[in-house]
Amino acid sequence: MIELNPIIHSQLRLSILSILMSVEEADFMYIKQKTDATMGNLSVQITKLEEAGYIETEKTFQGKRPRTVCRMTETGKSAFIEYVDTLREYIAPAISKIEKTSDNPSGNDLCPELGLLP
C-alpha cells in the first residue's frame, strides 16, 4: 500500500488544502477562522505548503493592513487528489465492514453519505 503524503497528512495542512480545494482562493484570516489555528502555526504551515509547491501566496495591502491570499497550484491539486485516493484505499476495508455489520444502526451505506468510495 502507498504511504500517505507526509506533507499533506498534518492535520492543519490537510485542513488548509481542503479549504483551498473548495474555493478559488482564500485569504489568511479566512483560513485562520476556518481552522481555528494560531497565526504563527498557520503561517508556518502555509510556508511549508508553499515550499512544497502545493500552494502559492500573494501578499498585498488592503489599506494599511497586510493581506495574504492563498491559492492551490496544479501540483497541489494533484497531490491532494492522490492523497484522498490513497486514504480511500486505506479505509475501504473498514467502510465495507461497517456497512455489513449491525454497528451501522442507520443501515445506510456510508459510501454515498461520505462520498468516500464510488
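Everything below is about the structure printed above this text.
> Looking at this structure, how should I read helix 2 (residues 11-22)?
In an α-helix there are 3.6 residues to a turn, and that puts residues three or four apart on one side. Here helix 2 is 12 residues long and its end C-alpha atoms lie 17 Å apart, about the 16 Å a rise of 1.5 Å per residue gives. Within helix 2, burial applies to L12, R13, I16, L17, I19 and L20. The buried residues of helix 2 all sit within an arc of 160° when viewed along its axis, so they share a single face. Exposed and facing more than 90 degrees away from the buried side of helix 2 are Q11 and S22.

> Any chance you could explain the environment of C70 here in plain terms?
With respect to the helices, strands and loops of the structure, C70 is situated in strand 3 (residues 65-72). When the C-alpha atoms of C70 and E25 are compared, they prove to be 5.6 Å apart, with 45 residues separating the residues in sequence. Ignoring sequence-local partners within four residues, the contact set of C70 consists of L20, E25, A26, I31, I46, I55, E56 and T57.

> Can you walk me through the nonpolar core in this structure?
Generally speaking, a soluble globular protein has its nonpolar side chains buried in company with each other. Of all hydrophobic cores here, the largest spans 21 residues; its most connected members are I16, L17, L20, I31, L42, I46 and I55. Secondary-structure elements contributing two or more residues to this core are helix 2, helix 3 (28-35), helix 4 (39-51), strand 3 and helix 5 (74-100). Residue contributions to this core peak at five residues, all from helix 2. Dropping the residues within four chain positions of it, L17 is found in contact with I8, L49, Y54, I55, M72 and F80.

> Teacher, can you tell me more about helix 4 here?
Its 13 residues place the ends of helix 4 18 Å apart at the C-alpha level, agreeing with the 18 Å of an ideal helix rising 1.5 Å per residue. Buried within helix 4 are the following residues: L42, Q45, I46 and L49. Looking straight down helix 4, one finds that the buried residues subtend no more than 105° of arc, so they occupy a single side. Each element contacted by the buried residues of helix 4 is listed here: helix 1 (6-9), helix 2, helix 3, strand 2 (55-62) and strand 3. Just beyond helix 4, the residue with positive phi is G53, at close to 85°.

> What is the right way to look at the layout of surface pockets in this model?
Taking a probe equal in size to a water molecule and rolling it over the atoms shows the remaining empty space. Approximately 220 Å³ is the volume attributed to the largest pocket. For the largest pocket, the full set of lining residues is D27, F28, M29, M39, Q62, R65, P66, R67 and T68. Of all the elements in the fold, those that place two or more residues in the lining of the largest pocket are helix 3 and strand 3. Broken down by element, the residue count for the lining of the largest pocket peaks at four residues, all from strand 3. Among the residues forming the lining of the largest pocket, the class breakdown is four nonpolar, two polar and three charged.

Conventions adopted
- Residues numbered from 1 in each chain as written.
- Predicted model: local features only at pLDDT ≥ 70, side-chain atom pairs only at ≥ 80, totals over all residues.
- Heavy atoms only, no water.
- Helix = DSSP H or I, 4+ residues; strand = E, 2+ residues; numbered from the N terminus.
- Expected span 1.5 Å × (residues − 1).
- Buried < 20%, exposed > 50% of the residue type's maximum accessible area, 1.4 Å probe, protein only.
- Arc of directions from axis to C-beta.
- Contact = heavy atoms within 4.5 Å.
- Core = buried A, V, L, I, M, F, W, Y, C linked by side-chain atoms within 4.5 Å.
- 1 Å grid on protein atoms, 1.4 Å probe; cavity = no way out; pocket = protein on both sides within 12 Å on 5 of 7 lines; lining within 4 Å.
- Points joined across faces, edges and corners; volume = space filled by probe spheres on them.
- Nonpolar A, V, L, I, M, F, W, Y, C, P; charged D, E, K, R; others polar.

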